[in-house]
There are 2 protein chains.
Amino acid sequence: MTQDTYINHKIGILAIETYTSHQYVLQSELETHEHVSPGKFTIGLGQKGIALTGDREDINSICLTAVHNLLEKYDIDVTDVGRVEVGTETLVDKSKSTKTVLMDLFPNNTDIEGATIVNACYGGTAALLNAFLWCDSNAYNGKYAIVVAGDIAAYDKGPARPTGGMGAVALLIGRDAPLTIDLRQRVTHASHVWDFYKPDPSKETPVVDGVLSQVCYYQALEDVYTRFCDVMSSGDVFGLKDYGVDTAKDTYFCFHAPYNKLVQKSFGRLCFLDARRRFHSTTAADDEEDDELKPYLTKPLEETYTDKTLEKILKNKSSTMFHEKMKDANYAGQWIGNTYTGSVFFGLASLIDRLGGGDGGDLSVGKSIVMFSYGSGALASMYRLQVRETTTSKHAKFSIPKMSSTLQLTQRLESRQKVAANELDLALNTRAEMHHVGAPYTPVYPTEGRLLPGTYYLKEIDGQWRRFYERISVDADFPVVKEEDVPLAPLSVLEKN
Amino acid sequence: MTQDTYINHKIGILAIETYTSHQYVLQSELETHEHVSPGKFTIGLGQKGIALTGDREDINSICLTAVHNLLEKYDIDVTDVGRVEVGTETLVDKSKSTKTVLMDLFPNNTDIEGATIVNACYGGTAALLNAFLWCDSNAYNGKYAIVVAGDIAAYDKGPARPTGGMGAVALLIGRDAPLTIDLRQRVTHASHVWDFYKPDPSKETPVVDGVLSQVCYYQALEDVYTRFCDVMSSGDVFGLKDYGVDTAKDTYFCFHAPYNKLVQKSFGRLCFLDARRRFHSTTAADDEEDDELKPYLTKPLEETYTDKTLEKILKNKSSTMFHEKMKDANYAGQWIGNTYTGSVFFGLASLIDRLGGGDGGDLSVGKSIVMFSYGSGALASMYRLQVRETTTSKHAKFSIPKMSSTLQLTQRLESRQKVAANELDLALNTRAEMHHVGAPYTPVYPTEGRLLPGTYYLKEIDGQWRRFYERISVDADFPVVKEEDVPLAPLSVLEKN
């Protein structure tokens, strides 16, 4: 079958809002606390901070926060929304979806499609692609779609714990968008693997095969990147011949980031794939690649995944380009940690925040962002977003500079409260106990002075397991940074531990 | 914003396949077993049989079965599939999706979008609408989408237990379909209610507020039906003025069916809404409605939900129409029970099976089916499917008669093995124990002679919680109907109980 003539609705992202907790632990202090060698988390994982939360927040509350703040900051009439979709793997219910809880934000508007999508860290991308499809199809009714992706990434005590984090990102989707996608420029990788999963109902933490997970991430990235390059250079679309990382002018890259070091190594592998393609192309000169990399250009790919020598070569060769094309997207994740479904969108927000400001921002009209989303199990997609100016007067309020100035993400991360490293254990122990106790349950962590203005929090779980939420007033005082020796955990938690 | 000129891709359903277990319990025997008054389940709920399964099947296995059988029966090349999406609320993992497990059915094809959607019984409809959007958008690549919706509906011992069931339905989606949707003819109701949910991680059974659930179902139905009638009679689409149940010529109705009696009562309420609209329309004569219904035509709707007198009036008034328009769609569900996300599609399959056969089938070209899907929490949609003939030679193999002859659903249900009523307790106790024990786990229920040819089953859960499946050969003998005194449960289960 052939496709119909392309109709360009300029669908895409109109606005973006993020939420993460106001408290974080410094990874260097976590190294000391965990008695590991200095640099294990900061250099080994490439991480700087980790966001944490006690028992006052769950997937419903953090999505309520992100979506409500998005609606308020962009002054969106809730009756103008026709679709709301959620991506998460921090489920608190196997049947009732977070999407339905969000309906409390849309009084007098029940005509809102979309549900909750589960596929490890990929759920938000599935939701986003669905929202794009909706805007692009005959089903579109002129209203906005909202996609929210978020998780609380909690690990058992051990090597994976520093790769946790928490947060959510809400996206406003529509036509005539300042950040647009051509739906034909997207490819997907789906496979059945057991790299990371959450099968134990008695816990909220996952089972992880760290080595396999890295290989699966590499393989998915290779699969989508190879086909994405084919799509981009096919001539049918934009005719970008010889497209690839090393020739991608004006392009930034934004990857799902379990931890920053994996992103850096993965970017190196894209450069490796570029080198292999150049080497195998009929027009390339024999001596195009230096001797250092040459032995690897003909090796079967599966033999290269865990090769430490190759890893070093690729790191050196791609280092400058990595910093140019990915540093700003990775900034937020390094300070927050992994937010699972939210991670790739925190990357996007970070890039917009840092490079999209004012008239002179580097993320200007004509620039592109190649997005790579990976969810274990596995499901991954690569697609491209492009910066443009909106043309309708109704959408004049949506632009990259507006997103940047509204996000203030770097500033918000810098103004957070650093807490002692042991607070991570206390918070996660409390969460584990909440999971275990079930219903009824009243959270013990404090709210006032701890949660940001506009933050929703879990007030109680009643005897019928119903969860009730309240919101810190948007006019409340910004939490004052406390002395470090004032613990975040309440006395009842401190006494128990 | 206005919509673009409508482009009719004739997207819709090309093929349908169902799966339910080969064993069932007779509801009349369950009444005796549960010591309730005769007729409580058969007349009170309107149910005839309930499908059951022990510990050999889970959400992954039943979706594998439905999808693999669909692919085989319609001879679909797995590389021709570009999207696979799952709707379910029988999760066995909070992170790894059933979609990824299904990838084992698609060797050498990783370019398959779609994930798993969770929203109580609505997840399959969300998946279906997404697949339609995909086919209708610029993202479409000419391949097929597959949507699979299924659940194992297990309830604690008590009044809700007879409303369980198990099964899955797989749908093949594409353009130029014999059963097509106009995407503009669909409306949705979304709200935040606690009518039915699964918050307790230690169990696979739900928390149910039966009375609230019925009211929520009514309210969602009223909301979508009222707006659906507006859409249908707006003149912008098909100009079907005065559309409604009572004027819907050539139209069948297919509802999500928790139990048949609720569907019947709900259909009565649509007739009630029709009567109210006629009464309030300016052109209606004052004496249009008979005295019996008149007092209710001006009453606030919320005061009518639990009125038993009204219920009886509506049942009598709508009875003939209910049988004409819904009897065949409801047949399968009455014999299987609730399959949650699969329920509304079992209704569709049942209708096709019973009325779509041969040249003279009543479900002929030009006929329509109004679909109503409800998921607690709540999320509901109403949309219309229309029967047509495909026009491309490639799709000549897809038709309603082909679906009917391939399904043979009535025949398959009639050839099932009736087991003793206490087998339901034994199977559900075993499932509860499997849930409790966790990993590793080896299922105890027999497979050979019990599972249908082509059925996937859980072979084991290993120490790392990984689930492994095998399939009964499609050439295996059809399970012979055993004497009733040969129990389905293995000795280890019988001895324990």
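Predicted model only: the values in this text are computed from it and were never measured. Residue indices follow the written sequence of each chain, beginning from 1 at its first position. Each chain takes a letter, starting from A, and each ligand takes a number, starting from 1, following the order in which they are written. Given that this is a predicted model, residues contribute local features only at a pLDDT of at least 70 and side-chain atom pairs are listed and counted only at 80 or more, while totals for whole chains, interfaces and linings are drawn from all residues. Side-chain measures here rest on the full set of heavy atoms in the structure, leaving out hydrogens and waters.

Caption draft 1: Layout of the interface of chain A and chain B. Every residue pair with non-hydrogen atoms within 4.5 Å of one another is taken to be in contact. Taken together, the contact pairs 77 residues of chain A with 77 residues of chain B. Accessible area that two parts lose when put together, with a 1.4 Å probe and added across both, is what the buried area reports. Of the roughly 6,900 Å² buried between chain A and chain B, counting both surfaces, carbon and sulfur atoms make up 55%. The term salt bridge refers to a pairing of a side-chain nitrogen on Lys or Arg with a carboxyl oxygen on Asp or Glu at a separation within 4 Å. Seen at the junction of chain A and chain B, the total is four salt bridges. We note a salt bridge from Arg 227 of chain A to Asp 111 of chain B, for which the minimum N-O separation is 2.9 Å.

Caption draft 2: Representation of the UniProt feature "domain: Hydroxymethylglutaryl-coenzyme A synthase N-terminal" (unreviewed entry) in chain A within the structure. Under the UniProt annotation, "domain: Hydroxymethylglutaryl-coenzyme A synthase N-terminal" (unreviewed entry) lies at residues 9-178 of chain A. Here a strand is any run of E in DSSP of at least two residues, a helix any run of H or I of at least four, and the numbering for each starts at the N terminus. End C-alpha to end C-alpha, residues 9-178 of chain A measures 12 Å, and it is 24% helix and 26% strand. UniProt positions are given in the numbering used here, feature names are shortened, and annotations may be inferred rather than shown by experiment.

Caption draft 3: Broad picture of the pattern of salt bridges. If you walk through the whole model with that rule in mind, you get 52 salt bridges over all chains. Through salt bridges with shared partners, a single ionic network connects Glu 34, Lys 157, Arg 161 and Asp 425 of chain A.

Caption draft 4: Focus on the nonpolar core. Ranked by size, the top nonpolar core spans 188 residues in total, and within it Phe 106 of chain A together with Phe 106 of chain B carry the most contacts. Apart from residues no more than four positions distant in its own chain, Phe 106 of chain B is found in contact with Val 67, Leu 71, Val 78, Val 81, Val 84, Ile 112 and Ile 146 of chain B. Working definition of a nonpolar core: buried Ala, Val, Leu, Ile, Met, Phe, Trp, Tyr and Cys residues. They are joined through side-chain atoms within 4.5 Å. We call a residue buried when its accessible area falls under 20% of the maximum for its residue type, exposed when it is over 50%, and partly exposed in between, using a 1.4 Å probe and counting protein chains only. Grouped together as the second largest cluster of nonpolar side chains are 60 residues, Leu 30, Cys 229, Ala 275 and Leu 301 of chain A included.

Caption draft 5: Local environment of the layout of surface pockets. A volume near 1,000 Å³ is recorded for the largest pocket. Around the largest pocket sit 43 residues that line it, and Leu 45, Gly 210, Gln 214, Tyr 259 and Lys 265 of chain B are the ones nearest its centre. Every element with two or more residues in the lining of the largest pocket is listed here: α5 (210-233), α6 (260-280) and α7 (308-336) of chain B. Considering only enclosed or pocket space, the second largest pocket measures out at about 680 Å³ in volume. Along its surface, the second largest pocket is lined by 30 residues, and Leu 45, Thr 163, Val 208, Gly 210 and Tyr 259 of chain A are the ones closest to its centre. If you list the elements that add at least two residues to the lining of the second largest pocket, you get α5 (210-233), α6 (260-280) and α7 (308-336) of chain A. For the lining of the second largest pocket, the element with the highest residue contribution is α5 of chain A, accounting for six residues. Of the two site types, the cavity is a set of points on a 1 Å grid over the protein atoms alone where a 1.4 Å probe fits but cannot get out, and the pocket is an open set with protein on both sides within 12 Å along at least five of seven lines, each lined by residues with an atom within 4 Å of a point. Grid points are joined across faces, edges and corners, and a volume is the space filled by probe spheres set on the points.

Caption draft 6: Region of the structure containing the side chain of Asn 119 of chain B. Positionally, Asn 119 of chain B belongs in the loop between β5 (116-118) and α4 (123-136). Throughout this description, a polar contact denotes any pair of N or O atoms lying within 3.5 Å of each other; where both atoms belong to protein, one of them has to be capable of donating a hydrogen while the other can accept it, and for residues adjacent in sequence the pair is counted only when both atoms sit in side chains. In this structure the side chain of Asn 119 of chain B is engaged in a polar contact, spanning 2.5 Å, whose partner is the side chain of Ser 97 of chain A. Sequence-distant contacts of Asn 119 of chain B, that is, excluding residues within four places in its chain, are made with Ser 95, Ser 97, Lys 99, Thr 100 and Ala 115 of chain A together with Gly 375, Ser 376 and Leu 379 of chain B.

Caption draft 7: Representation of the packing of α7 of chain A against helix α8 (residues 343-355) of chain A within the structure. Residues and elements named next belong to chain A. Their axes nearest at 6 Å, the elements α7 and α8 cross at an angle of 120°. Looking at the two axes, α7 sits oblique to α8. Relative to α8, the crossing made by α7 is right-handed. Residue-level inspection shows Asp 328, Ala 329, Tyr 331, Ala 332 and Ile 336 of α7 in contact with α8, the latter providing Phe 346, Gly 347, Ser 350, Leu 351, Arg 354 and Leu 355. The class makeup of the residues in the contact of α7 with α8 is seven nonpolar, two polar and two charged. Geometry is summarised by axes, namely lines fitted to C-alpha atoms with helices restricted to the contacting stretch, and by angles between N-to-C directions that run from 0 to 180 degrees. Angle categories are assigned with fixed cut-offs, so that under 35 degrees is roughly parallel, over 145 is roughly antiparallel, 65 to 115 is roughly perpendicular, and the rest are oblique. Each crossing gets its hand from how the near helix is turned against the far one by less than a right angle, where anticlockwise is left-handed and clockwise is right-handed. Following the grouping adopted for this structure description, the nonpolar residues are Ala, Val, Leu, Ile, Met, Phe, Trp, Tyr, Cys and Pro, the charged ones are Asp, Glu, Lys and Arg, and the polar ones are all others, Gly among them.

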